[in-house]
Amino acid sequence: MTAKETFDRLAAKFPQFPLGYLEGKDTAILVKGENLVGLAQHMRDDEEYDYCSSITGVDYPDRFEVVYHLYSTKKEGGPVILKVHAERENPMLPSVVSIWPTANWQEREVWDLMGIRFSGHPNLTRILMWEGFEGHPLRKDFPGSEDEYIFG
Amino acid sequence: MTQEDTVPPELKRNVFIAPVDWIYNLGRAASVWPVMFGVACCAFEMIVTVTSRFDLARFGMEFLRASPRQSELMIVSGTVTKKMAPQVVRLYDQMPEPKYVLAMGACAISGGPFKDGYNVVPGVDKLLPVNVYVPGCPPRPESLLDAILKLHKQIRAETIRTSPWYRKDADREIPVPEYGPRGLVLPKGDKS
């Protein structure tokens, strides 16, 4: 099944969630933030996409974007790629930890490095940088770190 | 009284007179034990150097010691991240003197391709005094062996009189860096 067919089927099946079709090298489905959890629930229960392999944050000049890669352990093909936009100022998205437990650390990583909050996350703390670190180092406007070393 | 009178003839064939430096350095250079510690992918080249094909034991390094208390050489085999930096310095501080550091690979020398990253120390010589640098990404086991032979040469050239290890005023401890809000910071109340 091609990505376009998958999208058409999902769009017909879930008319309550307005979806966008993003053509490209990796064809993706654009979801609105408020529909994310509802669609994710259907994707897991009805469509058997039971494995969320990766959650990635992207920093664009006008927005942040979070990309979800979904696979199924029960049927072939994939991934189905969901993309969600977040605001540039104080970005916030709903958490999908309740749907896919693998999202827990992935969302923590996106928060740590990109500074996108996930509401409803059970433990949204830094995962790679240490506690007390300021800023989110994978943002384009991260000023760079200032280190003190004993030898120059 | 001549030497003939004092030294019995059977002993004369067995006694060997040499400078203290020479015999002491020979013993030290021939038994440099590295600490078993790998930080990144260069560690695999270090591991294969120990195996029978390259056989690090030929140079008196029988094993990689699993404790810093029993080691003299720290092979920094790979990228030192800022999160790992305090542990690297702490390991070095725990090694007994005399101790040596070998920076293996581009990352340990300068940070390599990750030099400008937010998470990588740009060269382990920012943290520790380095004796030998081995370029490569990763260096082949032959390079590591050559670097170890160069370290042997350095050790044999030391003299007890001028070596920093035996001076009373030697600064023995390297301050362990701490995690700060913008990167690594030196500990408060640093004596240096």
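Look above for the structure.
If you're wondering where the values come from, they're calculated on a predicted model, not measured in any experiment.

Visitor: What is the right way to look at the nonpolar core in this model?
Guide: If you look at soluble globular proteins, the nonpolar side chains tend to sit buried side by side. With 46 residues, the main nonpolar core has Leu73(B), Met74(B), Val80(B), Leu102(B), Leu127(B) and Leu128(B) as its most contacted residues. Listed by contribution, the elements that provide at least two residues to this core are helix H4 (42-50), strand E1 (73-77), helix H5 (85-94), strand E2 (100-104), strand E3 (132-134) and helix H7 (141-156) of chain B. If you tally residues by element for this core, the top one is H7(B), at six residues. Discounting residues that sit within four places of it in the chain, Leu128(B) has contacts with Phe151(A), Met74(B), Val88(B), Val89(B), Tyr92(B), Val101(B) and Ile174(B).

Visitor: Please clarify how the packing of helix H3 (residues 20-29) of chain B against H7(B) should be interpreted in this entry.
Guide: Packed helix pairs are characterised by how far apart their axes lie and by the angle those axes make with each other. All names here are of chain B. Viewed as axis vectors pointing N to C, H3 and H7 meet at an angle of 155°, and their least axial separation amounts to 9 Å. With respect to H7, the axis of H3 lies roughly antiparallel. Regarding H3 and H7, the two cross each other, and that crossing is right-handed. Contacts from Asn25, Leu26, Arg28 and Ala29 of H3 reach H7 at His152, Ile155 and Arg156. When grouped by side-chain class, the residues that make up the contact of H3 with H7 number three nonpolar, two polar and two charged.

Visitor: Mind showing me how you'd approach the packing of aromatic side chains here?
Guide: The description of an aromatic ring pair uses the distance of the two centres, along with the angle that the planes make with each other. Under the counting rule described, the total for this entry stands at six aromatic pairs over all chains. Both rings, one in Phe7(A) and one in Tyr21(A), keep their centres 5.0 Å apart while their planes meet at 40°; by these two values the pair is tilted. Here the residue Phe7(A) occupies a position in helix H1 (residues 3-13), and Tyr21(A) occupies one in strand E1 (residues 20-22), the gap between them amounting to 14 residues. Within the aromatic cluster, the residues linked to one another by ring pairs are Trp130(A), Phe133(A), Phe142(A) and Tyr179(B). Taking NZ or CZ as reference, Lys4(A) lies 4.4 Å from the ring centre of Tyr21(A), over its face.

Visitor: Quick question: what am I supposed to make of the interface of chain A and chain B here?
Guide: Reports of interface size often rely on the accessible area that becomes lost once the parts have come together. With 21 residues of chain A at the interface, the matching set in chain B holds 22 residues. Ranking the residues of chain A by area buried against chain B places Trp130(A), Tyr149(A) and Ile150(A) at the top, with a combined share of 37%. For the pair chain A and chain B, the number of links is two salt bridges. With its nearest N and O atoms 2.7 Å apart, the salt bridge here joins Asp147(A) to Lys82(B). Scanning the region where chain A abuts chain B turns up 11 residue pairs in polar contact (both at pLDDT 80 or more).

Visitor: Please clarify how the side chain of Arg28(B) should be interpreted in this entry.
Guide: Residue and element names in this part refer to chain B. Residue position: Arg28 is located in helix H3. Given a relative accessible area of 10%, Arg28 falls into the buried group. Among residues more than four places away in sequence, those in contact with Arg28 are Pro98, Tyr100, Ile155, Glu158 and Tyr166.

Visitor: Where do I start with the pairing of E1(B) in this structure?
Guide: On a regular strand, one side chain projects to one face of the sheet and the next to the other, so that they alternate. Residues and elements named next belong to chain B. Of all five residues that make up E1, five are buried, and the element is covered over most of its length. The side-chain alternation of E1 yields two buried faces, one formed by Leu73, Ile75 and Ser77 and the other by Met74 and Val76. Pairing of E1 with E2 involves five bridges; the strand directions are parallel. Looking at the pairing, Val76 lines up with Ala103 of E2. Assessed by its sense of winding, the connection that carries the chain from E1 through H5 to E2 is right-handed.

Visitor: I keep staring at unusual backbone geometry and nothing clicks. Help me out?
Guide: Leave glycine aside and you will find that most residues have negative phi; peptide bonds, for their part, are mostly trans. A cis amide bond, omega -5°, links Glu97(B) with the succeeding residue Pro98(B). Mapped onto the elements, Pro98(B) comes out in the loop between H5 and E2. The omega angle of the peptide bond from Cys137(B) to Pro138(B) is -10°, so this bond is cis rather than trans. Locating Pro138(B) in the fold gives a position in the loop between E3 and H7. At Asn90(A), a residue that is not glycine, the phi angle is positive and equals roughly 50°.

Visitor: Teacher, can you tell me more about the environment of Ser31(B) here?
Guide: Residues and elements named next belong to chain B. Topologically, Ser31 is positioned in the loop between H3 and H4. Along the backbone, Ser31 and Gln70 are 39 residues apart, and their C-alpha atoms lie at a distance of 11 Å. Here Gly27 takes part through its backbone oxygen, which lies 3.1 Å from a polar atom of the side chain of Ser31.

Visitor: How should I be thinking about the sheet that holds strand E2 (residues 28-31) of chain A in this particular structure?
Guide: Note: strands within a sheet are paired through backbone hydrogen bonds, in either parallel or antiparallel orientation. Residue and element names in this part refer to chain A. With mixed pairing, the five strands of this open sheet are ordered in space as E1-E2-E5-E4-E3. Single-partner strands in this sheet number two, and they are E1 and strand E3 (51-59). Averaged over all pairs of adjacent strands, the angle between strand axes in this sheet comes to 25°, irrespective of strand direction. Sheet topology note: the E3/strand E4 (residues 64-71) ladder contains eight bridges and is antiparallel. Bridged to Thr56 within E4 is Val67. Sheet contacts for H1: E1, E2 and strand E5 (80-86); angle to E1, the most-contacted strand, approximately 175°. Helix H3 (residues 103-114) contacts E3 and E4 of the sheet and is inclined by roughly 10° relative to E3.

What counts, and at which threshold
- Per chain, residues are indexed from 1 in the order of the written sequence.
- To label them, take the chains in the order written and letter them from A, then take the ligands in the order written and number them from 1.
- Reporting in this predicted model follows two pLDDT cut-offs: at least 70 for local features of residues, and 80 or more for side-chain atom pairs to be given and counted; totals over whole chains, interfaces and linings ignore these cut-offs and use all residues.
- In computing side-chain properties, one takes all heavy atoms of the structure into account and sets aside hydrogens as well as water.
- Definition of nonpolar core: a set of buried residues of the types Ala, Val, Leu, Ile, Met, Phe, Trp, Tyr and Cys, connected through side-chain atoms within 4.5 Å.
- Any residue under 20% of the maximum accessible area for its type is buried, any over 50% is exposed, and the rest in between are partly exposed; the area is computed with a 1.4 Å probe on protein chains only.
- Secondary structure elements follow DSSP: runs of H or I of four or more residues count as helices, runs of E of two or more count as strands, with numbering from the N terminus.
- By definition, residues are in contact when any of their heavy atoms lie within 4.5 Å.
- Fitted lines through C-alpha atoms give the axes, limited to the stretch in contact for helices. The angle between two N-to-C directions lies from 0 to 180 degrees.
- Should an angle fall under 35 degrees it is taken as roughly parallel, and over 145 as roughly antiparallel, whereas 65 to 115 is taken as roughly perpendicular and any remaining angle as oblique.
- Handedness of a crossing is defined here by the sense of rotation of the near helix relative to the far one, left-handed for an anticlockwise turn of less than a right angle and right-handed for a clockwise turn.
- Three residue categories are used. Nonpolar comprises Ala, Val, Leu, Ile, Met, Phe, Trp, Tyr, Cys and Pro, charged comprises Asp, Glu, Lys and Arg, and polar comprises the others, including Gly.
- Under the pairing criterion, centres of Phe, Tyr and Trp rings, with the six-membered ring standing for Trp, must be within 6.5 Å; the plane angle then separates stacked pairs below 30 degrees from edge-to-face pairs above 60, leaving the rest tilted.
- Charge-over-ring contacts are defined here by two conditions on Lys NZ or Arg CZ: a distance within 6 Å of the ring centre and an angle within 35 degrees of the ring normal.
- Summed over both partners, the accessible area lost on bringing two parts together, with a 1.4 Å probe, is the buried area.
- Salt bridges, as used here, are contacts in which a Lys or Arg side-chain nitrogen is within 4 Å of a carboxyl oxygen on Asp or Glu.
- Any pair of N or O atoms that falls within 3.5 Å is considered a polar contact. Within protein, one atom must be able to donate a hydrogen and the other to accept it, and sequence-neighbouring residues count only if both atoms are side-chain atoms.
- Each pair of strands is called paired provided DSSP finds at least two bridges between the two strands.
- By convention a crossover is right-handed if, when the strands point away from the viewer, the path from the first strand over the helix to the second runs clockwise.

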